[in-house]
Amino acid sequence: MNSSLFPVILAGGKGERFWPLSRKDRPKQFLSLDGSSRSLLQATADRLLPLADGWDSLWVITSSQIAEGVRQQLPELPSPNLLIEVEGRDTAAAVAWTSLEIKKRYGEDAVIGFFPADHWIADQKAFTDTLKAATQLATSTAAIVTLGIKPTFPSTGYGYIEQGQKIGSFNELPAYHVNRFTEKPNRELAETFLSTGRFSWNSGMFVFRAGVVLEELYTHAPEIIEPLEKYGPEVYPQLPKKSIDYALMEKTNLAYVMPVDFGWDDLGDWNAIERLLKKEETPNVELATHVGLDTQGSIFYASNPEDVIVTIGLEDVVIVRDRNVTLIVNKERTQEIKQVLKILQDDPRFHHLL
């Protein structure tokens, strides 16, 4: 049985909550948000290449709107390993199509891993060791393995996974059957979850054998897998738009979780910059030329180094200057950027800003 891993990068997202830096022509995965010279997509590929044993085993699935950008960012990626969705239909369709293609090439025992393009990982060695453990579990068992991040605070923005019975250890990491998935809870419920010690954050990273996941998709999501197998990716616009969590993970009896701790952030909105880069001795996070008077707890970003942001008496705000847009938002309301984008979308005067 094949024990190597075929990593797949899910690179079709829009990253709307990082607007105005993230736009249609330059989505979040093309940005460098940690102060390095590598984009999120490139950093994800860098992490996965040692596990893939080179470019020939690495895959990317993305949208037609940004496929050319992916090629420019990852010029070493073989063309057949880039799957291009004519229309985004969420992660269930992406997992189904990619799994079908990898099965065709490598057989049903090929072990596949799915990884969002916009994650930040602190400890590469711990990440690699974790993926080796997950690959061992997926190779030896009919398992759909998810990586559960050990929670560090009662987040209301992440989904949670409750671990059930322990089934063993792999590469010295324990694995558990999944009791249940819970979508974003309120604060009180999140605190209860943490107090039990049985819950992990749902990272959105999965490992399984191609044949195992396809069989489970036939059982729980035939409306997605059957048209794809029969008609190919041309049927994409007719597929239901469902996440892999909703379409499969919440229904299958083959879900297993490995609680892991390698330093992780999903970089969901501008507040993630503070989590990554905030230093105790500085009052703000500044990725811009900023002159401030009595300003603290804030995040500043300017794409043009010649632009200067001047503030007086501000606290807990995000100010982003990019090209022809300036965004000013309270840190507690960055999730609402998506609502502003809907307003811009409905007004032709602002379509060039999207």
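This text goes with the structure placed above it.
The structure displayed is predicted, hence computed values, not measured ones.

Draft legend 1. Quick look at the overall build of the protein chain. Scanning the protein chain for helices and strands turns up ten helices and 17 strands. What you see for the protein chain is a C-alpha radius of gyration of 21 Å, in line with the 20 Å of a compact globule of 354 residues. Its C-alpha atoms give the protein chain principal-axis dimensions of about 65 × 45 × 35 Å. Out of the 354 residues belonging to the protein chain, those deemed buried represent 52%. Total accessible area on the protein chain stands at roughly 16400 Å², and carbon and sulfur atoms take up 48% of it.

Draft legend 2. Main features of the side chain of Ser 99. Following the sequence through the fold, Ser 99 ends up in helix α3 (residues 90–106). Overall, Ser 99 belongs to the buried group, its relative accessible area being 0%. If we skip the residues at most four places from it in the chain, Ser 99 touches Ile 112, Phe 114, Phe 208, Ala 210, Val 213 and Leu 214.

Draft legend 3. Seen up close, unusual backbone geometry. Of the consecutive residues Trp 19 and Pro 20, the connecting peptide bond is found in the cis state with omega at 10 degrees. Its place among the elements puts Pro 20 in the loop between β1 (5–10) and α1 (40–52). With phi around 75 degrees, Asp 90 is a residue other than glycine that occupies positive phi space. Inspection of the secondary structure assignment puts Asp 90 in helix α3. If you check the backbone angles, Arg 323 has positive phi at about 50 degrees while not being a glycine. Inspection of the secondary structure assignment puts Arg 323 in the loop between β16 (317–322) and β17 (325–330). Given a relative accessible area of 42%, Arg 323 falls into the partly exposed group.

Draft legend 4. Region of interest: the layout of surface pockets. Of the voids in this model, the second largest pocket is the one considered here, and its volume is about 200 Å³. What lines the second largest pocket is a set of 13 residues, and nearest its centre among them are Thr 152, Trp 201, Gly 263, Trp 264 and Asp 265. Those elements that provide at least two residues to the lining of the second largest pocket are β11 (264–265) and α9 (271–277). The residue inventory of the lining of the second largest pocket, partitioned by class, reads seven nonpolar, two polar and four charged.

Draft legend 5. A look at the pattern of salt bridges. Using the criterion set out here, one finds 21 salt bridges in the structure. Here Arg 23 ties to Asp 322 by a salt bridge, and the two come within 3.1 Å at their closest N and O atoms. Taken together, the residues Arg 23 in the loop between β1 and α1 and Asp 322 in strand β16 connect sequence positions 299 residues apart. Comparing Arg 23 with Asp 322, the two get one shared label, buried. For the salt bridge of Arg 323 with Asp 322, the shortest nitrogen-to-oxygen distance reads 3.3 Å. Where salt bridges share partners, they join Arg 23, Asp 25, Arg 26, Asp 322 and Arg 323 into one cluster.

Draft legend 6. Focus on empty space enclosed by the protein. Using the criterion set out here, one finds one cavity of 30 Å³ or more in the structure. Roughly 30 Å³ of internal volume is contained in the largest cavity. The wall of the largest cavity is formed by Thr 44, Arg 47, Leu 48, Phe 115, Pro 116, His 119, Ile 121, Phe 127 and Met 205. When residues in the lining of the largest cavity are grouped by element, the largest group, three residues, is from α1. When its residues are assigned to classes, the lining of the largest cavity shows six nonpolar, two polar and one charged.

Scoring rules and cut-offs
Residues numbered from 1 in each chain as written. Predicted model: local features only at pLDDT ≥ 70, side-chain atom pairs only at ≥ 80, totals over all residues. Heavy atoms only, no water. Helix = DSSP H or I, 4+ residues; strand = E, 2+ residues; numbered from the N terminus. Rg over C-alpha atoms; globule rule 2.2 N^0.38 Å. Buried < 20%, exposed > 50% of the residue type's maximum accessible area, 1.4 Å probe, protein only. Areas by Shrake-Rupley, 256 points an atom, 1.4 Å probe, with all protein chains shown as cover. Contact = heavy atoms within 4.5 Å. 1 Å grid on protein atoms, 1.4 Å probe; cavity = no way out; pocket = protein on both sides within 12 Å on 5 of 7 lines; lining within 4 Å. Points joined across faces, edges and corners; volume = space filled by probe spheres on them. Nonpolar A, V, L, I, M, F, W, Y, C, P; charged D, E, K, R; others polar. Salt bridge = Lys/Arg side-chain N within 4 Å of Asp/Glu carboxyl O.

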